[in-house]
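Commentary on secondary and tertiary structure
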Amino acid sequence: MLIIGHRGASGKAPENTLASFEKAIRMGVKMVELDVHQCASGELVVIHDEKINRTTTEKGFVAEKTLEELKRADAGEGEKIPALREVLNLVNRRAKINIELKGAGVAVPTSALLNEYRENHGWTTEDFCISSFDHQQLRQFRKLDNTTKIGILYDRKPHGFVELSQVLHATSVNISLRTVNPQWVKMIHASSLEVWVYTVNKLSDFNRLKQMGVDAVFTNYPEKFLDEGA
Ligand code: G3P
Ligand code: MG
């Protein structure tokens, strides 16, 4: 099973920071997941929420602050909110990256950035996977990029995944640990799609999902499962 470092190794370092991604890579993950918004000065930045309140020392909306303003906030243990570009430079192809499109309007700049890294920095299509709960953004991304892998995120039942996965040429359906069940796993596999499950932090859940034939898990504690013959 593929073990994906959720927001890096966010159980052991401040989520979505360079320290968190470095830690996950040193633990041996083959893929990290991160969340992307666009800030007021146009850069793509890596942060989960639309506001910086929960994860940093400052307050306010990401979309209303410039990168310079965001950099003044402490994202934990002296870490800063990273630009997506900084994360790509740090990871430097040592792990694949699942980029979750969170904020409004990030499909277009994300597609442009991936093209830049493929054309100028030796990255390949296989190094990336795009996902989102916002299926409109996935459609928009696919119009601009017809090769990068896409995972369709659902927080509840994956209604309409068969049709949508055909439109998007998706490779996985990414569902919550709270809702996953053996029937859904069978149903998704029957459409030749993988099943990725978030967020799995307990060994008992991990073993249950392995029994179901789940293909990948997002975890805050990659070190727990990397030793489990995953
Ligand atoms: O992509 C899996 C997971 O990250 C989706 O939920 O809220 O943690 O971004 P969230
Ligand atoms: Mg996420």
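One can find the structure itself at the top, above this paragraph.
Presented here is a report on the structure given in the accompanying data block. Note on numbering: residues in each chain are counted from 1, in written sequence order. The lettering of chains begins at A and the numbering of ligands begins at 1, in the order of writing. Reporting in this predicted model follows two pLDDT cut-offs: at least 70 for local features of residues, and 80 or more for side-chain atom pairs to be given and counted; totals over whole chains, interfaces and linings ignore these cut-offs and use all residues. With hydrogens and water excluded, all non-hydrogen atoms of the structure serve as input to the side-chain values.

Let's shift gears to the site of ligand 1. We call a residue near a given molecule or strand whenever any one of its heavy atoms falls within 4 Å of it. As a matter of local geometry, ligand 1 sits amid His6, Arg7, Glu33, Asp35, His48, Glu100, Lys102, Phe133, Leu153, Tyr198 and Phe218. For ligand 1, an oxygen atom lies 2.7 Å from a polar atom in the side chain of Glu33. N or O atoms closer than or at 3.5 Å make up a polar contact, with two conditions inside protein: a donor-capable atom paired with an acceptor-capable one, and, for residues adjacent in sequence, both atoms drawn from side chains. Within the side chain of Asp35, one N or O atom sits 3.2 Å away from an oxygen atom of ligand 1. Within the complex, 90% of the 290 Å² of free accessible area of ligand 1 lies under protein. Of the grid points, spaced at 1 Å and generated over the protein atoms alone, those admitting a 1.4 Å probe that cannot get out make up cavities, while open sets with protein on both sides within 12 Å along at least five of seven lines make up pockets; any residue with an atom within 4 Å of a point is treated as lining. Think of it this way: a molecule belongs to a cavity or pocket when more than half its atoms come within 2 Å of the grid points there. The pocket occupied by ligand 1, as judged from atoms lying within 2 Å of grid points, is the largest pocket. Three classes are used: nonpolar for Ala, Val, Leu, Ile, Met, Phe, Trp, Tyr, Cys and Pro, charged for Asp, Glu, Lys and Arg, and polar for all others, with Gly counted as polar. Broken down by class, the residue content of the shell around ligand 1 amounts to four nonpolar, two polar and five charged. Values of accessible area rely on a 1.4 Å probe in the Shrake-Rupley scheme; residue burial ignores everything except the protein chains shown.

Here we take up the layout of surface pockets. Reported here for the largest pocket is a volume of approximately 220 Å³. Taken together, 16 residues make up the lining of the largest pocket; nearest its centre are His6, Glu100, Lys102, Phe133 and Tyr198. The helix count covers DSSP runs of H or I at least four residues long, the strand count covers runs of E at least two residues long, and both are numbered beginning at the N terminus. Among the elements of the structure, strand 2 (31-38) and strand 4 (96-101) are those that each provide at least two residues to the lining of the largest pocket. Tallied by class, residues from the lining of the largest pocket come to four nonpolar, five polar and seven charged. The calculated volume of the second largest pocket comes to roughly 170 Å³. Along its surface, the second largest pocket is lined by Leu2, Lys30, Met31, Lys96, Glu126, Phe128, Cys129, Lys149, Thr171, Ser172, Glu194 and Trp196. For the lining of the second largest pocket, the secondary-structure elements that each account for two or more residues are strand 5 (128-132) and strand 8 (194-198). A class-by-class count of the residues in the lining of the second largest pocket yields five nonpolar, two polar and five charged. Grid points are joined across faces, edges and corners, and a volume is the space filled by probe spheres set on the points.

Let us now look at the pattern of salt bridges. For salt bridges, the criterion is a side-chain nitrogen of Lys or Arg within 4 Å of an Asp or Glu carboxyl oxygen. By the definition in use, this model includes 15 salt bridges. In this structure, Glu223 engages Lys12 in a salt bridge whose closest nitrogen and oxygen atoms are separated by 2.9 Å. Here the residue Glu223 occupies a position in helix 9 (residues 222-226), and Lys12 occupies one in the loop between strand 1 (2-6) and helix 1 (18-27), the gap between them amounting to 211 residues. Residue classification places Glu223 among the partly exposed residues on the basis of a relative accessible area of 23%. Type-normalised accessible area, obtained with a 1.4 Å probe on protein chains alone, sets the label of each residue: buried when under 20%, exposed when over 50%, and partly exposed for intermediate values. Residue Lys12 is classed as partly exposed on the basis of its relative accessible area of 44%. Salt-bridge contacts for Lys102 lead to Asp35; the nearest nitrogen and oxygen are separated by 4.0 Å. Highlighted residues: Lys102 in the loop between strand 4 and helix 4 (107-120) and Asp35 in strand 2, separated in sequence by 67 residues. On the basis of relative accessibility, which here comes to 24%, the residue Lys102 falls in the partly exposed class. Here the salt bridges do not stand alone but share partners, grouping Arg7, Glu15, Asp35, Asp49, Arg54, Glu100 and Lys102 into one network.

Any functional reading would require information beyond the geometric quantities listed.
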